Structures are given as C-alpha cells and as structure tokens.
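# Close look at the chain arrangement
Each chain, written out:
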There are 2 protein chains.
Amino acid sequence: MTVENINILNEYLTIFPELSSRDQKQIIDGSSFHKYKKGEQIYNVTRTCNGIMIVKSGQLRTYMLSDEGKEITLYRLLPGDVCVMTSSCLFNNLDIEIHILVEKPTEVIIIPYQILDSMRKENSMVDRFLLDIISQRFSEVMWVMEQVVFSPMLKRVAECLVNHWSLADSDVVRITHGEIANDLGTAREVVTRLLDYLQNDNVIKQERGKITILDPLKLQTLYK
Amino acid sequence: MTVENINILNEYLTIFPELSSRDQKQIIDGSSFHKYKKGEQIYNVTRTCNGIMIVKSGQLRTYMLSDEGKEITLYRLLPGDVCVMTSSCLFNNLDIEIHILVEKPTEVIIIPYQILDSMRKENSMVDRFLLDIISQRFSEVMWVMEQVVFSPMLKRVAECLVNHWSLADSDVVRITHGEIANDLGTAREVVTRLLDYLQNDNVIKQERGKITILDPLKLQTLYK
C-alpha cells in the first residue's frame, strides 16, 4: 500500500489512529485499492460480503431497485465516506439489498471484513465505529423515506436539483429528466411537468441533457 | 426488582447471562418497570433519551408521522423485543423521529442509557448487542420502504390483514378501514375499495369495526 493510501486510512478511518501498531499493520497489509469507472455497477449487497469500503475520490450513488426496475436513491458516498453495506456479514441481522452505481470515476480502499471481525473481540472501538456508521445510514434512509412517502413531488424535485447543483462545479447540472425521475422513483412525465413549471418561474433553464440553476435560493425555499 | 422481572432480563436481554455479577447487579438495581394502557402514546424518540426498553408483555406499534398527520407503521414490538430507539443518545449519529403507540396493555422494563454507556467501554458485548438490534430495525424499515414505494396497494392491504390475523386469537380482526389506511399511509377510500374487492372475492367478510378472514391462504398468495 502506498504512503498516500496509508494517509487516507489515517484520515478517513476515524478509529485508525487509535489502533495498536499491530492492528494498523494488519489493516495496511490486508487492504486493497480499487478504481471504478463512471457507470459501473459495483455492488449488490446481498451477493457478496467483501469488506468495508473507504471512498478516496469520486462519487457513488446507493439505491434500492424494485422488481420492475424502479429506483430510489438512498444516499451518495463522497470522498471520506465509509460504506459498511459492502460488509453485511459483520452485522448479524442486516438483511438489506442495496445497489451502488459509480457516478464519477472513483477510487476506494477495501478492508476485508475478516480483519475487522478478528479485531472486534479484543477492541470495542470496532463495533462502536460500525454502530456510528450504520446509525448514520439508517437516519439517512429514514429521511429519504419521509421524503418519498410524505413530501409533495415539487419539493423533492427542487431538493434534488439543489443537491446536484451543490455537487457540480458550475450552475449547470448535467442531468436528464429520466435520471431525476429514477432518482426520485417517479415517472419521467411527472418530472418534466414540474421542471417546466420551474422554468416558467425563471428558477431554472432547461437544455438538452442539462439544467442551469438560475435561482438556487428560490429553489431552496421550495423545500425548506 | 421482582424475581419475575429478573428472569425476564435473563431471558430477553441476550447479553445479560454473559455479564459479570457486578454488571448484572447494576442493571437490576438501575432498571425500572412500567405499565402502559392501550391507546397511550409512550414515546417520541427525539424528545427524550430514557434507555433501552424490553417488552415483557403486550404490543407496541412504531410509526413515522408526517406534518399533515399521515402515518406509516414501521414495525411492531412484541414480548421479548428490545427497543433501542428510546435510547438514541447511545448512538452518535442516530437522528430518527419515530412514535410508539400502545396497541395492547403493555409491560416493559427500561434500562437507563447511562448504565449501558458506562459498561460499553469495558465490555464490547454491549455495542455488539446494540449493533445487532439496530441492524434488525434498519432491515425492517428498509423492507417497509420497499412495500411503500414499490408494492401495489392491494398486496399491501392483503399483507396487513394477514399480519393482524396472525396476531389475533381468532379469524376475526378488529380493525377499521381508517386504521388500515393509517397503517399503510394511504387514504381510507383506497382501503375501502380494496376491502370491498376482497369481500366480493369471498376472501374476507366485513362488519362494523371488524373483518373476518375467510380465506387466509388466498390472502397470502396475493402478496407472495
């Protein structure tokens, strides 16, 4: 493992600096580095149990998928985020099927679950760490559920646009109506109608495959 | 604490038999016993942090509530179940607002969070235990989300009836259309229409405030 990646472990794996040198060495020797291309489908949680995944760079989208191919985005993983859903065998009762899509070229470090499993017996920090992350994901998913079940669709479209806008480098969000519809688990026509409404209101400007955010503040007031 | 309640701790709190006598004594001395009446609203997670709750007898319903008063049932707590959502301060990142309604007269034992918090440093079993329970709840909520977002309403009504039927002592389920609608987060009229459909199909028989399940097997095939 390169010095750069060891620094990533030290910075993003919050328990790492507190571990013994022996445990740190075990993680450094056992972990692996991976690169994923945009558009790759890197994970279906129920299929395998690799280990926890630390995002070094890039952007991943986690989502639920129905039998009919309908999607609901759960949360995005950005540099510094740790994904424990790729390590479901560390959790006795975790029975969740999520999918992960690579949205930007992504680099990750994977720590095999066996390493953490062997450490947890002697070191209560490991379970505490897993508990903190799973609680955070649980909270994020509950928040999404609230939006999906309770929140009117216009609010959700507005919030989706602001989220993409805050991740973009400019005021131009490169996204199609179909992608927003997938993101929100609704029909493309519903999204088109709401985007037209926002365009008429001079909040956004639509062009093929991209949306320019003209009034991000107004967009935010729609859901706050 | 009575011998009966100590036996409940020993049976339902899976880590209890493995704790040291000192830790067991701390739990026995610090825990409290509570009775709740049917219809009581016993908890709003964001309001307080009491401690984990062990259900000795009865039945509790956990649910999400929208600003407009719409409800979605998350899971039910039955004798032997442990609720950790009443102890959110044990989790760093848990930011979830759920409500709990008493559906049958219920007895619980509450272990104050301070006791578990002081034990977790020396005893990795505590975090492992919390991790197992939170993983289970997370999985249950994800399952509900799948039903809510992806599953057609007839399936959901059928499943709801079977769940109530399996908890009832006879084939008669005492529930109103409004209660089913609340349970599923939909409108009463939608439920009425689907129940009429099931009655026409001789699967159920409706009377004021109760529904007789005539064909539970057929009801099950509707969602399996």
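Residues numbered from 1 in each chain as written. Chains lettered and ligands numbered in written order. Predicted model: local features only at pLDDT ≥ 70, side-chain atom pairs only at ≥ 80, totals over all residues. Heavy atoms only, no water.

### Description of helix α1 (residues 3–12) of chain B
Residue and element names in this part refer to chain B. Where α1 is concerned, the buried positions are Asn 5, Ile 8, Leu 9 and Tyr 12. Down the axis of α1, the smallest arc covering the buried residues is 100 degrees, so these residues share one side. Summarising the geometry of α1, the exposed residues directed more than 90 degrees from the buried face are Val 3 and Glu 11. Those residues of α1 that are buried lie in contact with α2 (21–30), β1 (32–36), β3 (51–65), β5 (82–83) and β6 (99–112). (Buried < 20%, exposed > 50% of the residue type's maximum accessible area, 1.4 Å probe, protein only. Helix = DSSP H or I, 4+ residues; strand = E, 2+ residues; numbered from the N terminus. Arc of directions from axis to C-beta. Contact = heavy atoms within 4.5 Å.)

### Some details on the sheet that holds strand β7 (residues 172–173) of chain A
Residues and elements named next belong to chain A. Strand order in the open sheet formed by 3 strands is β7-β9-β8, and the pairing between neighbours is antiparallel. This sheet does not close on itself; its edge strands, each paired only once, are β7 and β8 (204–207). Sheet topology note: the β7/strand β9 (residues 210–213) ladder contains 2 bridges and is antiparallel. Within β9, the position partnered with Val 172 by the bridge is Thr 212. (Pairing = 2+ DSSP bridges.)

### Some details on the interface of chain A and chain B
At the interface, 39 residues of chain A touch 39 residues of chain B. Across the chain A to chain B interface the summed buried area is about 3,600 Å²; carbon plus sulfur atoms make up 70%. Put simply, chain A and chain B have 0 salt bridges between them. Across the contact surface, chain A and chain B share 8 residue pairs in polar contact (both at pLDDT 80 or more). At 21 residues, helix α4 (residues 124–150) of chain A tops the list of elements feeding residues into the side of chain A that touches chain B. Class assignment for the residues of the side of chain A that touches chain B results in 21 nonpolar, 7 polar and 11 charged. (Buried area = accessible area lost by both parts, 1.4 Å probe. Salt bridge = Lys/Arg side-chain N within 4 Å of Asp/Glu carboxyl O. Polar contact = N/O pair within 3.5 Å; in protein donor to acceptor, adjacent residues only side chain to side chain. Nonpolar A, V, L, I, M, F, W, Y, C, P; charged D, E, K, R; others polar.)

### Observations regarding the packing of helix α6 (residues 177–184) of chain A against helix α7 (residues 188–200) of chain A
Packed helices, taken two at a time, are described by their axes: the angle between them and the distance between them. Residues and elements named next belong to chain A. At a minimum axis separation of 8 Å, α6 and α7 run at an interaxial angle of 115 degrees. The pairing of α6 with α7 is recorded here as roughly perpendicular in orientation. Note on packing geometry: the crossing formed by α6 with α7 is right-handed. Here His 177, Gly 178, Ile 180 and Ala 181 of α6 lie close against α7, whose contacting residues are Arg 188, Val 191, Thr 192 and Leu 195. Of the residues belonging to the contact of α6 with α7, the class tally is 4 nonpolar, 3 polar and 1 charged. (Axes fitted to C-alpha atoms, helices over the stretch in contact; angles between N-to-C directions. Parallel < 35°, antiparallel > 145°, perpendicular 65-115°, else oblique. Left-handed = near helix turned anticlockwise from the far one by under 90°.)

### Looking at the environment of Ile96(B)
With respect to the element layout, Ile96(B) can be found in the loop between β5 and β6. In sequence terms Ile96(B) and Glu4(B) are 92 residues apart; their C-alpha atoms lie 33 Å from each other.

### A few points about the packing of helix α5 (residues 153–167) of chain A against α7(A)
All names here are of chain A. α7 packs onto α5 with a crossing angle of 75 degrees between their chain directions and a minimal axis gap of 10 Å. Classified by the angle their axes make, α5 and α7 are roughly perpendicular. The segment α5 lies against α7, with Met 153, Leu 154, Val 157 and Leu 161 engaging Val 190, Leu 194, Leu 195, Tyr 197 and Leu 198. Along the lines of polarity and charge, the residues of the contact of α5 with α7 split into 9 nonpolar, no polar and no charged.

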